[in-house]
Amino acid sequence: MSVDIRIAGARESTKQLDSEEISSLVTPGDVITTDTGFMRGHGTYMEDDQLKASVAGVVERVNKLICVKPLKTRYNGEVGDVVIGRILEVGQRRWKVDTHSKLDSVLMLSSVNLPGGELILLELLLLLDNVTQAEVQSVFADGSLSLHTRSLKYGKLGQGVVVHLSPSLIKRRKTHFHSLPCGASIILGNNGYIWICPTGNEMEDKTGGYEQNLEPVQRADREVISRLRNCVLALAEHKMMLYDTSVLYTYEASLKFPNI
Amino acid sequence: MTICLTSDRWSSSLGQLTESDKAHSLLNYAGHLQHNYEDILSYSVYHSYSKAVDAKKERASKMSQNFGAKGVRGGHPNQDKNVWISLIDMLKKKEKLPVVAFTFSKKKIDENAENLRSLDLTTQSEKTRLKGNDKKLPQVLKMEEFLKRGIGIHHSGILPILKEVVELLFQKGLVKILFATETFAMGVNMPARTVVFDTITKHDGTSRRELHPGEYIQMAGRAGRRGLDTTGTVIILCKGDVPEMSVLHKMMLGKPTSLESQFRLTYSMILNLLRVEQLRVEDMIKRSFSEFHSQKDVKKHKEALDKIHAKLQCIKNIECFLCSMDLERYYEACRDFRSLKFHLQGIVLSHPAAIKLLTAGRVVVINNSNHRNVLGVVLNSNMGTNKERIFNCLVICEKNSSTKSDLTKGDSSELVQPIVTTNLFQPEGPCWHELIQVKAEDITVVTVKTIRIDPDKIVNDIKKRQQPRFKDDPVGQSVSIATQELLRLTEVNQEGLPGLDPVKDLHIRDVERVEQFRSLKMLEESLTKYQCPNCPRFMEHFTQISHNMKLKEDYKRLKFLLSDESLTLLPEYQQRIQVLKELNYIDDNNTVQLKGRVACEISNHELMITELVFENALTDLHPTEIAALLSCVVFEQKNCSEPKLIDTLVKGKERILEIAGRISALQRRFGMQVQGEYEEVFKFGLMEVVFEWAREITGLTDVQEGIIVRCIQRLHETLRDVRNAARIIGDPVLYRKMEEASSMIKRDIL
């Protein structure tokens, strides 16, 4: 039996530094191109007439704009995204929310649907460490986000599990709130936080989450939720994109192994 | 309520002075006595109108005696000047100042003001209260002179600060006569004692037209200050001819313009709505005013839909072995046949050749709710209420049948009738006749036969016998001859008479039509091949199935109306989405991409500016050049002097035009109707000015200062938008340049 062995030094360098070709995967410091006709976007910098990448990720080109989309990053908010956050601080007329971004996000009191229209003490609405689902209303100049829960779909989340992932794994879709047929619902926040909870009563939706369903969750439901969590973590390990069908398929595949 | 008819006093003193002769008063209080107001107004209008016409005639005749030529028409400049001077003199004497003179062209305003340089309307004490401005721009100096003498100008070409000054002074009462355009009428709290209309026609962007009632009301309503004046006066100058009475009537008493939706689907709106998860663009469209008329019926439709749904649950199918084979198809065939025939009949009967043939004496087969398949003869025809032809025909019928032809009942029954070939109607008893009126759709066949009759005699005879006095008179000879003929024809041709062939007799050669006629014939033949008419209980089954099918059709129709498909703006929305997909602003799932997010930041001409940004057209230019280039998207005046441009600007201009061409080709490809040429939206007249302004020089173009100011303000906003876009992209170079350009532009007088 003959085996092919190559010495490391004889290995051909697979990276060509042609000025016309633009490779798709780059690491910090790689030269993307030397063509000066391009505009540079996020994740790039100019050095001696060469356009270099400053993060590790995928190169994207839109007309004459080049930017690098990093694999692992903090969440960069866009208007209209759905995020899941944890309350860090309760302030004057606002809450500070942690959304795994570079700066803390802000949830103003004026952007919250108040139950019954009355102004109650801030503390009663959202306490420290509560988890809430919100939408990005606007982005300040420094990059911090202003959130709002202006619809009954958003609000404080009841009993469930939070999973932390990298935001680049969440695929941008039309809806992020999915009710899976296995008896649990999953919310894929754009900021990389995932919320898994039992498909509760319909009532919880309509009141913006201010009436909590605090009765203990069934054991069967708990098993489903844990299984889902493990599936999600597995997908994240292998750097697969997360969306409702991918999670569902993984879940169904995992049913073959009863001891997950 | 005080109404003073000043027409008498006016015309007597005016008649000799000037040609401007029309004066009427407006009511001070709201016209809750509208009809009184109209009466009085029309009386006074008529009164003074006739005086005006008389005075004009006098003038004209006097002039023609002197010169032997026709009187001068239109605005001869000297003539105008005299008109104005004498008008203002008169107003001053009558103490009718301050006055607003509405002129609809800025040029005319400037001319008028120039002409009045000689006037001085302010008293000495008032003069001291007017102060001059600091800067020494020519426009400012000119305004200062005017204002010192109590004359003001107000239009969009004036610098905004000066406009404010004029408005303030007018409110204080220091400006005695103000020449303004109609935008002044929209201003809050700017009433005057008198309003003068320079003309009653204006140019609205495409053509010259009379003032609309709404516009007239708005401007004339400026006359009379509450608390300060007892009456207000409105004067219309008749510089050429006195306008027609009807024109004036329409303008003053017509209905004001109705509210129309100005909702427009823009790319920016679509992109912004697609960003948010919850709002659907269709919902937004549904809520707009333009869909109002269709949406207000939504509730009614929903209820009807529920009712029909309930009914649909309880229909039972027809259980007959003969019919169940092809009853449904037969129904559909009947329905198609009927609608096609109806459609074609309409075409045939409005064809000029057919109309020629449908004269007195033509024999036709009539088929309406009262008379089935009956022979009749056309007597005459005339136009009915809905511009459709109505034919008077004589038909044979049973004696003592008390049927009344009722044209006003509208359409005959909604259910489809089976097309069974029946024989011509033959009266079983003694034959009688009747005069009926039929519409085009009731005439099934126009036969080739004619009868010689005297239509007038027939009509008179029948009408005479309709009166109770003559009811028992013997039938007139003409009528009996006609009836005998019809009866004979019926007996001879019991299956029916052949009708006119549309191709041969009517010479219809249009290919489409001939095809339709042929398919009609085939349908007719196929109807004989169906089995179901043989069933003994056929009529029952048929009515039942037509009920069922009608229910189903109504259900479908209501569902359509309630759905998204019935929105009038929906096709345009689809087209725009396709354009956006093609240009990569959204992906196939309608998720907004980077380009789309950039376009959201830009408020007008989103596509063009985004394309410019992404083509790297702006990053290499100097900030002043960027500002000059982007001025073309905000400047809107068409006719002005051509700018002199440096090289980079020329290149940039070409690039813009090229991108515009690309976008418009794309839009056209997807079938969007765009107003005019997309490329012509961009006006380059101010490029040089902006370039130099950013470097501090003026006096390079004939465009008025106010417009330049407005353009620069809008340009500043656009630059700010592009700066935000640069931040989203992440290009700091572009960001910095935009900031610089922005600050270079916004300075001093702005």
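As the structure is a prediction and not an experimental result, all values here were calculated from the model. Along every chain, residues carry numbers that run from 1 in the direction the sequence is written. Going through the entries in the order they are written, you letter the chains from A and number the ligands from 1. Under the rules for a predicted model, residues below a pLDDT of 70 receive no local features and side-chain atom pairs below 80 are neither given nor counted, while totals for whole chains, interfaces and linings still include all residues. To obtain the side-chain values, all non-hydrogen atoms of the structure were used and water was disregarded.

**Brief notes about the nonpolar core**
No. 1: For our purposes a nonpolar core is just a set of buried Ala, Val, Leu, Ile, Met, Phe, Trp, Tyr and Cys residues, chained together by side-chain atoms within 4.5 Å. Remark: exposure states derive from per-residue accessible area (1.4 Å probe, protein chains only) relative to the maximum for the residue type, with buried under 20%, exposed over 50%, and partly exposed in between. Membership of the largest hydrophobic core comes to 74 residues, with the highest contact counts inside it found for Tyr573(B), Val613(B) and Leu719(B).
No. 2: Segments assigned H or I by DSSP are reported as helices when at least four residues long, segments assigned E as strands when at least two residues long, and all are numbered from the N terminus. Considering every element that reaches this core, the biggest residue donor is helix 26 (residues 705-729) of chain B, with ten residues.
No. 3: A contact between two residues is defined here by any heavy atoms of the two lying within 4.5 Å. Excluding residues within four positions of it along the chain, Val613(B) makes contact with Met39(A), Leu618(B), Val722(B), Ile729(B) and Leu734(B).
No. 4: Ranked by size, the runner-up nonpolar core spans 46 residues in total, among them Val140(B), Phe170(B), Ala180(B) and Ala185(B).

**A look at the sheet that holds strand 15 (residues 177-179) of chain A**
Residue and element names in this part refer to chain A.
No. 1: The criterion for strand pairing is that DSSP finds at least two bridges linking the strands in question. Pairing is antiparallel across the open sheet formed by four strands, whose spatial order is 14-17-16-15. What marks the edges here is a single partner per strand, and that holds for strand 14 (161-164) and strand 15. With direction set aside, neighbouring strand axes in the sheet form an average angle of 20°.
No. 2: Taken together, the five bridges between strand 16 (residues 184-188) and strand 17 (residues 193-198) define a ladder with antiparallel strand orientation. Paired with Ser185 across the strands is Cys197, a residue of strand 17.
No. 3: Here, axes are lines fitted to C-alpha atoms. For helices the fit covers the stretch in contact, and angles between N-to-C directions go from 0 to 180 degrees. The strands touched by helix 3 (residues 219-237) are strand 14, strand 16 and strand 17; relative to strand 17, the strand with the most contacts, the crossing angle is about 160°.

**Re the UniProt feature "domain: K Homology" (unreviewed entry) in chain A**
No. 1: UniProt positions are given in the numbering used here, feature names are shortened, and annotations may be inferred rather than shown by experiment. As recorded in UniProt, the feature "domain: K Homology" (unreviewed entry) lies at residues 160-198 of chain A.
No. 2: Taken end to end, residues 160-198 of chain A is 0% helix and 46% strand, and its first and last C-alpha atoms sit 7 Å apart.

**Focus: helix 7 (residues 160-172) of chain B**
Residues and elements named next belong to chain B.
No. 1: Helix span, expected: 1.5 Å multiplied by one less than the number of residues in the helix. When the terminal C-alpha atoms of helix 7 are compared, their 19 Å separation across 13 residues agrees well with the 18 Å that a helix rising 1.5 Å per residue should span.
No. 2: Of the residues making up helix 7, those classed as buried are Leu162, Val166, Leu169 and Phe170. Projected down its long axis, helix 7 carries its buried residues within an arc of 100°, all on one side. Within helix 7, the exposed residues directed more than 90 degrees away from the buried face are Glu164, Leu168 and Lys172. Directions from the helix axis toward the C-beta atoms define the arc.

**Some points on the packing of helix 10 (residues 267-275) of chain B against helix 20 (residues 570-582) of chain B**
Residue and element names in this part refer to chain B.
No. 1: At a minimum axis separation of 11 Å, helix 10 and helix 20 run at an interaxial angle of 80°. Considered as vectors, helix 10 and helix 20 are oriented roughly perpendicular to each other. When helix 10 is examined against helix 20, the residues Tyr267, Ile270, Leu271 and Leu274 are found in contact with a partner set consisting of Tyr573, Arg576, Ile577, Val579 and Leu580.
No. 2: In this classification, the charged set is Asp, Glu, Lys and Arg, the nonpolar set is Ala, Val, Leu, Ile, Met, Phe, Trp, Tyr, Cys and Pro, and all remaining amino acids, among them Gly, are polar. Within the contact of helix 10 with helix 20, the residues separate by chemical class into eight nonpolar, no polar and one charged. Under this scheme an angle from 65 to 115 degrees is roughly perpendicular, one under 35 degrees roughly parallel, and one over 145 degrees roughly antiparallel; angles in between are oblique.

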